[in-house]
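Notes for the structure review
Residue-level listing of the chains:
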Amino acid sequence: MSGPQYPLDNLKDRNRSTRDQFTPESGDQELARIRFLAAATDELLDTSEMDDALRRLVQFTVPEVCDCACYAVPCRVTGTLRVEVFHHSDPDTVAAAQNLLERFPSRLDDAYGAGRVFRTGEPEILAATGDDLQRMVAVSDEHRIALQQLRLNALMYVPLMVRGEVVGVFGMAQCGSRVFDTADLQMAVSLARRASAVVDRARLYLAEQEARRRAEQSAARLRDLAHVTVKVLQHPLLDDTLRAVLEGVRGLLASDFASIMLTEVHAGQTRLRLRASVGLSEHARQNPMVPPGDGIAGRIAESHEPLIVDDVAAFDPDSPLIAEGVLSVVGVPLMADGKLLGVINAGTHTSHRYSAEDRAMLELLAARASSAIVRARLYEAERRARGYAERLQRVTAALSEAVTPDEVMSVVLEHAREALRARTSVMALTSEDGQSIVVTRVLGEPVLAPVEGSTFALTDGYPLADVVRERKALWLGDQDSPAGTGARAWAALPLEVEGRAVGALTVAFGEPHEFSEEDREFALAVARQAAQALERSRLFEAERDARREAVAGRSRAAFLADASAVLASTLDYRGTLEAVAHVAVPRLADWCAVDMLDGLPDEVRPGTHLGRLAEASTPPPGESATSPDGRDESHDDDAPARARPPTEVLARVMRRGRTAVHAITAKGEVRPVADTPPDAERSALPNLLVVPILAQGRTIGTISLCYTHSGRHYDDADRMLAEELASRTAVSLEQAWLYRAAQQANAAKAEFLGTISHELRTPLNAIIGYSDLLGEGISGPVNEKQVHQLDRVRTSARHLLLLIDETLAFARSETDKDPVLLEEVDLRALAREAASDFADEVAERGMVLEWKVDADMTVIYSDHAKVRQILRNLLSNATKFTQKGGVNLQVRGDGDAVALEVSDTGIGISAENLPRIFEPFWQVEQSRTRRVGGTGIGLSVARKYAEMLGGTLSVRSAPGKGSTFTLRLPRDMSGVM
Ligand code: ADP
């Protein structure tokens, strides 16, 4: 064979591509070569794909240029050239040849051939051929034998240059006897050049494609980011926001884990704390606080710069992420207003390197996340504030309904415990003397609080005491058993009212607890309200007690006033006892009985009987006090029978003189309260009282009080009331006795007076009669002097008779033995007689006594003796108390009445004494020198008689000017009676 030939006609007919067909038909090889190249160029330009172009090129050269061709690209990892396209003219040896190339690839550092061409960009035809060539390129005998079997004869290499850079090497081989000449090399170089244009174009296309893909990917990621942003922003709460951010990060960055750490300030130091994560184990989530500078997140927090870590273990051998299998991490800071909020990290388990684009994406997301976090925090703060306001509002509402200190404490303790999520809440109050505090109420777990009822002196250094003493809240977030309890954390707040602490409110926790600003504010607000409410409730209770006491006192006073009024209304012994029984029911009992000893207190002797003298009861509900037959059931013996005190109870009270309180059991048994079992049902409470009636130091009877059906029970106040009733009863009874005794004494006295008067009157009449006889000289002559002396005897005797009559009248008027005897009374005659009785005495004093009776007033219908007595008494006084001037008697008509007026010009009566002159035995104090006689009963008899006669006796008087007594009587007494 003499050089290569380049067929054109069948260029595109791969099936006919055999060496024979390439026999040139024209001698113009140059032209043929140009045509071949043009056709090859067309063929190459027909594709825009690089791989396709290279494949076409390789195939194109076989068999026209060589027997076997390949295209290889460098592999920097293995340092060899890796065959990408291979073609052989002999289908039988394709596999063997390809296998050989794979087993013994050219090395990039070979001094000749593909390696050198790749390095230098210079095409090369290996100088050796045939056996020499085989020996030259073989790396081993096996290799050489294989090459021999393939009958390798010549080798040629051409670089594929794109924009001045070698991107691959075309290798071409001749087997059998064919060799390469420079024309072949030029041909190959020309082909490679054309291929390079296609490859360049294909690479541009690819690059463009890649750029577009990347652009689309970026757009898609931005879309995803927008989507994530929407999701992130749609949650108002921080936790939800963070979760949405993390889900977004994981999706956008195709990560296995993502986490958000937020900054917190502890003891003035900023720390990062894991707030949310996805894809982390439970263990990794329990990370402690990370100070800025530590680990990946710490580094980011410190620098405020994003960070990509390809190898976590190399970056931070202590990273907890290593245990999680995380290999690479990208992290960015979360910033708001130039301040660090925290750090977002994302990581993978594969050694996938995060790109700058990933980082940029994370930064974009972080920016949105930061504002979402700020917003969520604001929202939560606002919500918390509102929550606290509402909680406080609830406390206020609940407190407004709590009335007693007990209720107030319950409300406060419940709300404080719940709102602060504490396990126990405690209320301690200062003692009354203000020297100590008493643990008053514990709600929740008792082990976290001092025992209810424990007392601490304010000075003994106990924390709670300090809080009260210093009026300063105490917050213990983490301490071993503060205040000697099982609590771990503890807050105590003073309860202050008007600048003094009335106690303390405490909440306790079993584990360390951080008191947030809101918690503190809330707790302080609750404490303030609690103090106010407690004070209010105390005042309320005090006021209520006072009011209750006042009402009870008023009701007791009213009862006693009633009782006194009822008891005062009678001076009758039995009537008094009836009154007692009736006044006690129903105010003090459903049933009441009064049992008395026979006889008066000083007559009570052993063996005297106790008798029931009065009884009263209310009917049980549903029954009326009066039975159908009209009988009064309040004295029905059967109705309250089961409630009656047994005789021995009454006897005991009589003996001891002390009140007995008894219970009536459900079975109707009466038992002393002391003997009643403590667990006895309600009906066994005191409902029977037996009170002694004590008079003059002795028990003279009992009042039994019983609640039979009203369901009421006796208390101390009732008992005192009953005893008071008994003592008033005793007083009343004594009055009744006294009255009866007085009445009896009075009757005896009147009888005595009557007898005496009568006994006096008889001899006095004899004296007067005999004096008259002697004076008239019937028994013999009497001289002037004797007549005068007899006149004196007569006057004194008459005066005495007057007194006796007056006394008799008084005595009679005190008894029932002084009846009114009606008859015609001739007033004119009466006036004349009375005037003449006093004429001497008046004349003796140098005065005048005048009398006048209206013509139509001469006769009335009345009691003659009584009218006469009245007139005499009035005239006697007028005469007695007048020294000069005179006495005047006038009788006038006054409608249906008649007025008898006795007036004088005497000493008169002062206004202050006027009301008293009608009282029996009362006299105006007279000066010793001018003492006038008298008994002090004249006016009292006169008035009594006037009233008996249906008339009146009145007086007008002025000291030194005289007095006028007016007796007004009905003309006809019978009409009045
Ligand atoms: P006596 O027996 O003392 O007169 P009376 O009952 O008749 O008792 O009167 C009571 C008192 O009233 C008298 O003591 C006197 O002080 C006063 N008295 C009665 N009538 C007159 C009068 N006409 N003028 C002044 N004082 C009178």
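For clarity, every value in this text was computed on a predicted model and none was experimentally measured.

Two side chains with opposite charge may pair up if their charged atoms get near one another. Following the criterion strictly, the structure yields 47 salt bridges and no others. The closest approach of N and O atoms between aspartate 358 and arginine 221, which form a salt bridge, is 2.5 Å. On the criterion of sequence distance, the pair formed by aspartate 358 in helix H13 (residues 356–401) and arginine 221 in helix H7 (residues 182–233) is long-range, its members being 137 residues apart. Each member of the pair, aspartate 358 together with arginine 221, is buried. The residue glutamate 470 makes a salt bridge to arginine 469 at a minimum N-O spacing of 3.2 Å. By relative accessible area, which is 47% here, glutamate 470 ends up partly exposed. Taken together, the salt bridges that share partners define one network made up of Asp46, Asp52, Arg55 and Arg56.

The subject of this paragraph is the packing of H7 against helix H8 (residues 238–252). At a minimum axis separation of 9 Å, H7 and H8 run at an interaxial angle of 165°. Comparing the axis directions of H7 and H8 gives the class roughly antiparallel. In the packing of H7 onto H8, the handedness of the crossing is right-handed. Contacts from Arg221, Asp224, Leu225, Val228, Lys231 and Val232 of H7 reach H8 at Thr241, Ala244, Val245, Gly248 and Leu252. Each residue belonging to the contact of H7 with H8 can be placed in one class, and the counts come to six nonpolar, two polar and three charged.

This brings us to the environment of aspartate 256. Summarising the element assignment, aspartate 256 is placed in the loop between H8 and strand S6 (257–266). Note on aspartate 256: relative accessible area 31%, which makes it partly exposed. For aspartate 256, the residues in contact, after removing those within four places along its chain, are Arg250, Val278, Gly279, Gly347, Thr348, His349 and Thr350. A polar contact is formed between the side chain of aspartate 256 and the backbone nitrogen of histidine 349, at a distance of 2.5 Å.

Strand order in the open sheet made by the five strands is S2-S1-S5-S4-S3, with antiparallel pairing throughout. One side of each edge strand has no neighbouring strand; the edge strands of this open sheet are strand S2 (80–88) and strand S3 (124–125).

This part covers the confidence of the model for the protein chain. Mean pLDDT over the protein chain works out to 83, with 90% of the residues at or above the 70 mark. Within the protein chain, helix H24 (residues 973–976) has the poorest average pLDDT of any element, 71, and strand S29 (residues 962–970) the best, 95. Per-residue pLDDT stays below 50 along residues 624–642; that stretch engages in 23 contacts with residues further than four places along the chain or on separate chains.

Okay, the site of the ligand next. With respect to spatial proximity, 21 residues lie near the ligand, and among them Asn877, Lys880, Asp904, Gln923 and Leu939 are the closest. Asparagine 877 is positioned with one of its side-chain polar atoms (N or O) 2.7 Å from an oxygen atom of the ligand. Measuring from an oxygen atom of the ligand, one finds a backbone N or O atom of leucine 939 at 2.7 Å. When the ligand sits alone it has 520 Å² of accessible area, and the protein chains cover 98% of it. Elements supplying a minimum of two residues to the shell around the ligand: helix H22 (864–880), helix H23 (938–948) and S29.

Next up on the list: the packing of aromatic side chains. For the coordinates displayed, the defined rule picks out eight aromatic pairs. Between phenylalanine 36 and phenylalanine 60 the ring centres are 4.7 Å apart and the planes differ by 10°, which places this aromatic pair in the stacked class. Within this pair, whereas phenylalanine 36 is found in helix H1 (residues 29–45), its partner phenylalanine 60 is found in helix H2 (residues 50–61), the two being separated by 24 residues in sequence. In terms of burial, phenylalanine 36 and phenylalanine 60 fall into one category: buried. Aromatic pair tyrosine 707 and tyrosine 714: ring centres 4.3 Å apart, planes at 20°, arrangement stacked. A connected cluster of aromatic rings, assembled from ring pairs, spans Trp475, Phe509 and Phe515. When the ring centre of phenylalanine 559 is taken as reference, the NZ or CZ atom of arginine 587 above it lies at 5.5 Å. For the cation-ring pair, arginine 943 lies above phenylalanine 918, with the distance from its terminal atom to the ring centre recorded as 3.6 Å.

So, on to the pairing of strand S17 (residues 591–597). Both faces of the sheet carry side chains from a regular strand, because those side chains alternate between them. In terms of residue burial, S17 counts as a mostly covered element, since seven of its seven residues are buried. Both faces of S17 are covered, namely the face carrying Trp591, Ala593, Asp595 and Leu597 and the face carrying Cys592, Val594 and Met596. Direction of pairing for S17 relative to strand S18 (residues 610–617): antiparallel, over a ladder of seven bridges. Bridging from a neighbouring strand, cysteine 592 pairs with alanine 616 of S18. Pairing analysis gives six bridges linking S17 to strand S22 (residues 698–706), with the strands arranged antiparallel. Across the sheet, cysteine 592 pairs through a bridge with leucine 705, a residue of S22.

What counts as what
Residues numbered from 1 in each chain as written. Predicted model: local features only at pLDDT ≥ 70, side-chain atom pairs only at ≥ 80, totals over all residues. Heavy atoms only, no water. Salt bridge = Lys/Arg side-chain N within 4 Å of Asp/Glu carboxyl O. Helix = DSSP H or I, 4+ residues; strand = E, 2+ residues; numbered from the N terminus. Buried < 20%, exposed > 50% of the residue type's maximum accessible area, 1.4 Å probe, protein only. Axes fitted to C-alpha atoms, helices over the stretch in contact; angles between N-to-C directions. Parallel < 35°, antiparallel > 145°, perpendicular 65-115°, else oblique. Left-handed = near helix turned anticlockwise from the far one by under 90°. Contact = heavy atoms within 4.5 Å. Nonpolar A, V, L, I, M, F, W, Y, C, P; charged D, E, K, R; others polar. Polar contact = N/O pair within 3.5 Å; in protein donor to acceptor, adjacent residues only side chain to side chain. Pairing = 2+ DSSP bridges. pLDDT = per-residue confidence, 0-100. Near = heavy atom within 4 Å. Areas by Shrake-Rupley, 256 points an atom, 1.4 Å probe, with all protein chains shown as cover. Phe/Tyr/Trp six-rings, centres within 6.5 Å; stacked < 30°, edge-to-face > 60°. Lys NZ or Arg CZ within 6 Å of the ring centre and 35° of its normal.

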